[in-house]
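The primary structure of each chain is shown beneath.
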Amino acid sequence: MMRAVTAFTQRLTIGFTMPLVIMRHAGKKAGGTGGVTRTSNPKYLGIKVHGDQYANAGNIIMRQRGQRWSAGENVGMGRDHTLFALCNGFVEFQSVRLPKKKTFVHVRSHTQEEQLQQIELRKEKRAREKIRRSGAFSLEDYLKLNYPES
């Protein structure tokens, strides 16, 4: 060992330009993770059948923890608060604000044509509400929208 050190110092004094590499080693062993790394299995919560989609009797509409959404017409609730359809029909969500904000889930037994008419009526109602909120309309426009001539 001593011989190697003296040879190295001799090379430095002779004038060879040699890169001096210093390697640092770990002061501690790798610690790994800090402890408990167990995870639970996913519960797959959420909406399974969305609004205006068709649901057969017995289909799970929504899985939830607690009663975030409430069962409405033709909807049952399981012991883990899962909402499911009691009859065939289209799913509808209804938001009620009095006395406390609550959302009901209904299954309406419409035909396809009746459901499309309901969707069109909802779109028209939203358009009327948007115009009303903007405040840029006249009394004639309001009467035309709310009382269409037959």
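Structure: see above.
Here the structure is a predicted model, which is why all the values come from computation and not from measurement. (Residues numbered from 1 in each chain as written. Predicted model: local features only at pLDDT ≥ 70, side-chain atom pairs only at ≥ 80, totals over all residues. Heavy atoms only, no water.)

Bringing the layout of surface pockets into the picture now. In this structure, the largest pocket occupies an estimated 550 Å³ of space. Those elements that provide at least two residues to the lining of the largest pocket are strand 7 (89–96) and helix 2 (112–134). In terms of residue count, the dominant contributor to the lining of the largest pocket is helix 2 (7 residues). Within the lining of the largest pocket, the residues separate by chemical class into 3 nonpolar, 5 polar and 9 charged. (1 Å grid on protein atoms, 1.4 Å probe; cavity = no way out; pocket = protein on both sides within 12 Å on 5 of 7 lines; lining within 4 Å. Points joined across faces, edges and corners; volume = space filled by probe spheres on them. Helix = DSSP H or I, 4+ residues; strand = E, 2+ residues; numbered from the N terminus. Nonpolar A, V, L, I, M, F, W, Y, C, P; charged D, E, K, R; others polar.)

What follows concerns the sheet that holds strand 3 (residues 60–63). The strand order across the open sheet built from 4 strands is 1-3-6-5, with neighbouring strands paired in antiparallel fashion. The open sheet has two edge strands, strand 1 (46–47) and strand 5 (75–77), and neither has a second partner. In this structure, strand 3 lies alongside strand 6 (residues 83–85), joined through 2 bridges in antiparallel fashion. When the sheet's bridge partners are listed, Ile 60 is paired in strand 6 with Phe 84. (Pairing = 2+ DSSP bridges.)

Below, the discussion takes up the nonpolar core. Across soluble globular proteins, nonpolar side chains have a tendency to be buried as a group. In terms of nonpolar packing, the biggest core is built from 12 residues, these being Val 49, Ala 55, Ile 61, Met 62, Trp 69, Val 75, Leu 83, Ala 85, Cys 87, Val 91, Val 105 and Val 107. Elements that contribute at least two residues to this core include exactly strand 3, strand 6 and strand 8 (102–108). Beyond its immediate chain neighbours, meaning those up to four positions away, Leu 83 contacts Asn 59, Ile 60, Ile 61, Met 62, Gln 64, Trp 69, Ser 70, Ala 71, Val 75, Gly 76, Met 77 and Val 105. (Core = buried A, V, L, I, M, F, W, Y, C linked by side-chain atoms within 4.5 Å. Buried < 20%, exposed > 50% of the residue type's maximum accessible area, 1.4 Å probe, protein only. Contact = heavy atoms within 4.5 Å.)

To continue, consider the pairing of strand 3. Across a regular strand the side chains alternate sides, sitting on one face of the sheet and then on the other. Examined bridge by bridge, strand 1 and strand 3 share 2 bridges and lie antiparallel to one another. Bridge pairing in strand 3 places Ile 47 opposite Met 62.

Positionally, Asn 56 belongs in the loop between strand 2 (54–55) and strand 3. Residue Asn 56 is classed as partly exposed on the basis of its relative accessible area, which comes to 38%. A sequence separation of 34 residues divides Asn 56 from Phe 90, and the C-alpha atoms of the two residues are 8.7 Å apart. Excluding residues within four positions of it along the chain, Asn 56 makes contact with Ala 85, Cys 87 and Asn 88.

Now for the sheet that holds strand 7. One open sheet accounts for 4 strands, arranged 2-7-8-4; its pairing is mixed. Both edges of this open sheet fall to strand 2 and strand 4 (69–71), since each of them pairs with a single strand only.

This part takes up the pairing of strand 8. Counted residue by residue, strand 8 has 5 buried out of 7 residues, so it is predominantly covered. Sheet analysis places strand 4 next to strand 8, joined by 3 bridges and oriented parallel. Within strand 8, the position partnered with Ala 71 by the bridge is Val 105. Of the pairings in the sheet, the one linking strand 7 to strand 8 comprises 7 bridges and is antiparallel in character. Across the sheet, Gln 94 pairs through a bridge with Phe 104, a residue of strand 8.

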